[in-house]
Amino acid sequence: MNQAAPVGANRRGFRRWKGWLLGICLLPLLALALSNLCLTSPWGRDRIAAKLSQRIGLKARMGGASWSPWHGLTLRDIEVSQPAELRPAIADPLLSIASIRLTPVWRSLLRGRFELLAADIESPHLVVSVEMLSYLARQAPAVQASQPSLAAHPPSSEAPPQIAPTQPATSGEMAAGPPAPETPGAEGGKPPPAHQPKPPPGPPRPTKWVHLRHGSFRLVAAGSAVPLLEIDDLTTDLPVAGEAASSSLHLANLKAHGEPLLSGFAAPLRWQFPVLSLNPVETPIHGLKLLLAGKLAFLDGLPLQLEAQLPNQSPTPLALPGDGMAKAAQVAAFSRFRGLLLAPGTWQGEGFAEVSAITIQQGEHHTVFDRGSCAIVLRGNMLSCVDARLIGDDLSLLGNATLLVDGRAAGVLRLIAAPDTTVGIVKRFFPHSDPAANLTPMSTPQRAGFDLEAFGTCKDLQFRLGQNGPIVPPP
């Protein structure tokens, strides 16, 4: 008989010890199973959705949640509703996400902090309305001290001011704040020595990522069936914290009012805390060469800067409604946008375009312009076309317009041509008018002007035909 084998009370003690050991081993698995059952229950889902609704101020719901030490926390079928005022006009939710997987740094939980290493977002779909942006812009502090006037004024005959393109700001320029005050020295307020040893660098921090897969975005207007702006199938890996890293962005389609602008767009990204940079990249748009660059700083409000440039080049002919065609010899453009991404009231931008030797063919009508230009300015709650013009020997068009964030708009278009030509053009669009009675005299009798004024709101514009002329509804 083996004397080492447990017998009697020793055997019962060994069995009891094995039972306790088995129970201790099964306890974490039991706790994991019970916690996941709680997360997937209606009570758990509603509680998480209520926390989310309280955080963002909009109604939210969630289909389920689960977690594990290996895959982190996963939230599924998340949906955030539109504001109550917009739900009757916009059927799609503000945000819907197939799933979000959060990978935490487990060691941070031991120190009482919840720190993320990565977030995987699958199929997010964001639908933002112009009405919501208008509301948010009105909540922000006004960018300009005074409210701009909406009175339409005739365009000046002087050349418009040109907006010269500038080089994109560096990451340091974008992230830098006001200079720090000088620190007086310990004796007599003298500054510290010029050469001080630098503190040793801290331990490297791992790069933290947001992995976005198959995202989409829609900018819509209530009551409009066609989105104003669409982004489809956006896939990217965004570094958002930690050490420097490189990544890329891929975009299947970008459309404006249903018309494709970009297709199959891909661009490299560079992360250097706290700025994510899109270095200048070239992409085709309607047969033209477009240069894009941008920076996004992960600071309060998310400061954003974007620049786009069309170098001087020959465009392809442009089809117009009614079997029309527009051609030009050369075209060049530059635009810039900057502001806090989360505060529309801070948005600012400029844009300028020039075109030469324009030919417009509309049926039997053939019009030639020597040159054209357009200057646009965005300042928080106001978007203005400060000057737009097409200059030709037989016909010239001059215009300007302003749109405020609350929907009010005003503008004026001046036609300058021979009196008979001016009257004929106006009669084509307003057949029941008498434009000859409201012409604006020019310095020479061979030319006459006609001012077409528009004012009101985007949904209810009125037109004035000529100076002191009658007010009529849209044609």
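It should be noted that the structure appears before, not after, this text.
Scoring rules and cut-offs
Numbering of residues starts from 1 in each chain and follows the order in which that chain's sequence is written. Only residues with pLDDT of at least 70 are given local features in this predicted model, and only at 80 or more are side-chain atom pairs given and counted; all residues enter the totals for whole chains, interfaces and linings. Side-chain numbers here rest on the full set of heavy atoms in the structure, without hydrogens or water. The way it works is that DSSP assigns letters per residue, a run of H or I at least four long becomes a helix, a run of E at least two long becomes a strand, and they are numbered from the N terminus. Throughout, exposure labels follow a simple rule: accessible area from a 1.4 Å probe, protein chains only, divided by the maximum for the residue type, with under 20% read as buried, over 50% as exposed, and the rest as partly exposed. Only heavy atoms matter for contacts: two residues are in contact if any of them lie within 4.5 Å across the pair. Exposure was quantified through the Shrake-Rupley algorithm and a 1.4 Å probe, taking into account, for residues, occlusion by the shown protein chains and nothing else. Strand pairing requires that DSSP identify at least two bridges connecting the strands. We define a nonpolar core as any set of buried Ala, Val, Leu, Ile, Met, Phe, Trp, Tyr and Cys residues linked to one another through side-chain atoms lying within 4.5 Å. Aromatic pairs are defined between Phe, Tyr and Trp rings, using the six-membered ring for Trp, whenever the two ring centres lie within 6.5 Å; interplanar angles under 30 degrees are classed as stacked, those over 60 as edge-to-face, and all others as tilted. Multiplying 1.5 Å by the helix residue count minus one yields the expected span of that helix. We count a salt bridge whenever a side-chain nitrogen from Lys or Arg sits within 4 Å of a carboxyl oxygen from Asp or Glu.

**Q** Explain the overall build of the chain to me, please; I cannot follow it from the model alone.
**A** Helices and strands together make up the secondary structure of the chain, namely 6 helices and 22 strands. Across the 475 residues in the chain, those meeting the buried criterion constitute 34%. Sequence-distant contacts in the chain: of pairs separated by 6 or more residues, those separated by 24 or more amount to 49%. As presented, the chain carries roughly 28700 Å² of accessible surface, and 62% of it is formed by carbon and sulfur atoms.

**Q** Is there a simple way to explain the pairing of strand β18 (residues 408-417) in this structure?
**A** Every other side chain in a regular strand lies on the same face of the sheet, so the side chains alternate between the two faces. A large share of β18 lies buried, amounting to 8 of its 10 residues. Hairpin connection from strand β17 (residues 395-404) to β18: 3 residues lie between these consecutive antiparallel strands, with G407 at a positive phi of about 100°. Of the pairings in the sheet, the one linking β18 to strand β20 (residues 448-457) comprises 10 bridges and is antiparallel in character. Paired with R408 across the bridge in β20 is T457.

**Q** Even after reading the chapter, I still don't get the pairing of strand β2 (residues 72-80), so can you show me in this structure?
**A** In this structure, strand β1 (residues 60-68) lies alongside β2, joined through 8 bridges in antiparallel fashion. Of the residues in β2, the one forming a bridge with A65 is L75. Joining the antiparallel neighbours β1 and β2 is a turn of 3 residues. Judged from the 7 bridges that link them, β2 and strand β3 (residues 95-104) form a sheet pairing that is antiparallel. What sits directly across from L75, in β3, is I100.

**Q** Honestly, the nonpolar core in this entry has me stumped. Any pointers?
**A** If you look at soluble globular proteins, the nonpolar side chains tend to sit buried side by side. Ranked by internal contacts, the top residues of the largest apolar core, which has 17 residues, are L262, F265, V281, I285, L290 and L292. Within the residue set of this core, elements represented by two or more residues are β7 (245-256), β8 (259-272), β9 (275-285), β10 (288-297) and β11 (303-313). Of the residues forming this core, the biggest block, 5 residues, is contributed by β8. In contact with L290, other than residues within four places in its own chain, are V281, E282, T283, I285, A308, Q309 and L310.

**Q** When you look at the packing of aromatic side chains in this model, what are you seeing that I'm missing?
**A** We describe a pair of aromatic rings using the distance from one ring centre to the other and the angle between the two ring planes. Inspection of every chain in the model, using the stated rule, returns 4 aromatic pairs. With a centroid separation of 5.6 Å and an interplanar angle of 70°, the aromatic rings of F337 and W347 are classed as edge-to-face. Pair noted here: F337 is in strand β13 (residues 324-340) and W347 is in the loop between β13 and β14 (348-362), with a separation of 10 residues, a long-range link. Between F430 and F463, the ring centres sit 6.2 Å apart and the planes meet at 55°, which makes this aromatic pair tilted. Taken together, the positions of F430 in the loop between α6 (419-429) and β19 (440-441) and F463 in strand β21 (residues 460-465) put the pair 33 residues apart, joining distant regions of the chain. Among the residues examined, F463 registers a relative accessible area of 16% and is labelled buried. Members of the aromatic cluster, connected to one another through ring pairs, are W271, F273 and F298.

**Q** I keep staring at helix α2 (residues 42-56) and nothing clicks. Help me out?
**A** Helical periodicity: at 3.6 residues per turn, an α-helix aligns residues three or four positions apart in one direction. Along its 15 residues, α2 runs 21 Å from first to last C-alpha, staying within 8% of the 21 Å computed at 1.5 Å per residue. Restricting attention to buried positions, one finds in α2 the residues G44, A49 and S53.

**Q** I keep staring at the environment of G294 and nothing clicks. Help me out?
**A** Turning to its location among the elements, G294 is positioned in strand β10. On the basis of relative accessible area, G294 is assigned to the buried category, the value being 13%. As for G294 and P280, which are separated by 14 residues in sequence, their C-alpha atoms are 7.7 Å apart. Not counting chain neighbours up to four residues away, the residues in contact with G294 comprise L276, S277, L278, Q305 and L306.

**Q** When you look at the pattern of salt bridges in this model, what are you seeing that I'm missing?
**A** Oppositely charged side chains are able to pair whenever their charged atoms sit close together. Taken as a whole, this structure holds 12 salt bridges when the rule is applied. R338 is the salt-bridge partner of E350, the closest N and O atoms lying 2.9 Å from each other. Of this pair, E350 sits in strand β14 while R338 sits in strand β13; the two residues are 12 residues apart in sequence, bridging distant segments of the chain. With a relative accessible area of 26%, R338 lands in the partly exposed category. Between D406 and R408 there is a salt bridge whose closest N-O contact spans 2.9 Å. Bridged by salt links that share partners, the residues R336, R338, E350 and R379 form one connected network.

**Q** Explanation requested: unusual backbone geometry in the structure shown.
**A** With glycine set apart, most residues show a phi of negative sign, and most peptide bonds adopt trans. In this structure, the amide linkage connecting F273 to the following residue, P274, adopts the cis form with an omega of 0°. Among the structural elements, P274 can be located in the loop between β8 and β9. The backbone of L302 sits at a positive phi, close to 55°, despite the residue not being glycine. In this structure, L302 sits in the loop between β10 and β11.

Treat this as a map of the structure, not an account of what it does.
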